[in-house]
Amino acid sequence: MTQTAPVTRRRRRFARHYVEMVIAMFAGMFVLGMLLSAVGLGFSHERQPELAYLLMAFDMSVGMAIWMRYRGHGWAATLEMCAAMFVPVVPLFPLLWLGLVDGGAMMALAHVAMFPLMLAAMLRRRDEYAGCAA
């Protein structure tokens, strides 16, 4: 076995975990979103974009947290990953309130920002995500 084999294996684990987080995020968003809407607990993206986004971020976080805990990650890493769902709105909510972006643009920008934020959370704990815990 060459020395590059362990490095390649770690990179694959890291990449696989990133993909798993994206899948878990979307699964949580769709499954919980449908359940909450079915019981009348959904919010309108047009009329209540802040509440709609926060609920969606919660749904995505639940999906990721369940998967991360199942995969053996600790609470610190799990909460950092979940924070990546909420952090994008810190600068975006004021822009929404000032009328500089609408609800749709806020949703789109926040979702785009989540992906590099998830990657940053993973890079912070690179050994955990590329190693034995992942």
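First, a word on scope: everything that follows refers to the structure included in this document. (Residues numbered from 1 in each chain as written. Predicted model: local features only at pLDDT ≥ 70, side-chain atom pairs only at ≥ 80, totals over all residues. Heavy atoms only, no water.)

1. Focus: helix 3 (residues 75-86)
Short version of the rule: Put simply, DSSP marks the helices as runs of H or I at least four residues long and the strands as runs of E at least two long, and each gets a number from the N terminus on. One fewer than the residue count of a helix, multiplied by 1.5 Å, yields its expected span. A simple rule labels every residue: compare its accessible area, found with a 1.4 Å probe on the protein chains alone, to the largest value its type can have, and call it buried under 20%, exposed over 50%, or partly exposed in between. This arc describes the spread of directions from the helix axis toward the C-beta atoms.
Its twelve residues place the ends of helix 3 17 Å apart at the C-alpha level, agreeing with the 16 Å of an ideal helix rising 1.5 Å per residue. When helix 3 is considered as a whole, its buried residues turn out to be Ala 77, Thr 78, Met 81, Cys 82, Ala 84 and Met 85. Along helix 3, the residues classed as buried sweep out an arc of 140 degrees about the axis, all on the same side. Exposed residues on helix 3 whose side chains face more than 90 degrees from its buried face are Trp 75 and Leu 79.

2. Details of the layout of surface pockets
Applicable threshold: Points on a 1 Å grid, built from protein atoms alone, make a cavity when a 1.4 Å probe fits but cannot get out and make a pocket when they are open with protein on both sides within 12 Å along at least 5 of 7 lines; residues with an atom within 4 Å of a point are the lining residues. Grid points are joined across faces, edges and corners, and a volume is the space filled by probe spheres set on the points. Following the grouping adopted for this structure description, the nonpolar residues are Ala, Val, Leu, Ile, Met, Phe, Trp, Tyr, Cys and Pro, the charged ones are Asp, Glu, Lys and Arg, and the polar ones are all others, Gly among them.
Of the pockets and cavities examined, the largest pocket occupies roughly 180 Å³. What lines the largest pocket is Met 29, Gly 33, Leu 36, Ser 37, Gly 42, Phe 43, His 45, Ala 52, Leu 55, Met 56 and Asp 59. Elements that contribute at least two residues to the lining of the largest pocket include exactly helix 1 (4-38) and helix 2 (49-70). Partitioned by chemical class, the residues of the lining of the largest pocket number six nonpolar, four polar and one charged.

3. Re the pattern of salt bridges
Here is the rule we go by: The working definition used for a salt bridge is a side-chain nitrogen of Lys or Arg within 4 Å of a carboxyl oxygen of Asp or Glu.
In total, this model carries five salt bridges according to the counting rule given. A salt bridge links Arg 10 to Asp 127; the nearest nitrogen and oxygen atoms lie 2.7 Å apart. You can see Arg 10 sitting in helix 1 and its partner Asp 127 sitting in helix 6 (residues 126-130), a full 117 residues away along the chain. Residue classification places Asp 127 among the exposed residues on the basis of a relative accessible area of 56%. The residue Glu 80 makes a salt bridge to Arg 124 at a minimum N-O spacing of 2.9 Å. Here the residue Glu 80 occupies a position in helix 3, and Arg 124 occupies one in helix 5 (residues 103-124), the gap between them amounting to 44 residues. The class of Arg 124 is exposed, set by a relative accessible area of 60%.

4. Let's talk about the nonpolar core
Worth spelling out the cut-off: By nonpolar core is meant a set of buried Ala, Val, Leu, Ile, Met, Phe, Trp, Tyr and Cys residues that side-chain atoms within 4.5 Å join together. Two residues qualify as a contact provided that any one of their heavy atoms is within 4.5 Å of a heavy atom in the partner residue.
In this structure, Tyr 53, Met 64, Met 81, Met 85, Met 106 and Met 118 are the most contacted members of the largest nonpolar core, which totals 30 residues. Breaking this core down by element, the ones donating at least two residues are helix 1, helix 2, helix 3, helix 4 (89-97), helix 5 and helix 6. Here this core gets seven residues from one element, more than from any other, and that element is helix 2. Apart from residues no more than four positions distant in its own chain, Met 118 is found in contact with Tyr 18, Met 21, Val 22, Met 25, Met 64, Met 81, Ala 84 and Met 85.

5. Here we look at the environment of Gly 103
As for its position among the elements, Gly 103 is in helix 5. For Gly 103, a relative accessible area of 13% puts it in the buried group. It is 37 Å that separates the C-alpha atoms of Gly 103 and Asp 127, two residues lying 24 residues apart in sequence. Filtering out sequence-adjacent residues up to four positions away, Gly 103 remains in contact with His 45, Pro 49 and Leu 96.

6. Thoughts on the packing of helix 2 against helix 5
Here is the rule we go by: For every element, the axis is a line fit to its C-alpha atoms; helices are fit only across the contacting stretch, and the angle between N-to-C directions ranges from 0 to 180 degrees. Oblique is the label for any angle not covered by the other classes, which are roughly parallel (under 35 degrees), roughly antiparallel (over 145) and roughly perpendicular (65 to 115). Less than a right angle of anticlockwise turn of the near helix away from the far helix marks a crossing as left-handed, whereas a clockwise turn marks it as right-handed.
Between helix 2 and helix 5, the least distance of the axes is 10 Å, while the angle of their chain directions is 25 degrees. When the axis of helix 2 is compared with that of helix 5, the two are roughly parallel. Where helix 2 crosses over helix 5, the two elements pack in a sense that is right-handed. Here Pro 49, Ala 52, Tyr 53, Met 56, Met 60 and Met 64 of helix 2 lie close against helix 5, whose contacting residues are Gly 103, Met 106, Met 107, Ala 110, His 111, Met 114 and Met 118. Looking at side-chain class alone, the contact of helix 2 with helix 5 contains eleven nonpolar, two polar and no charged residues.

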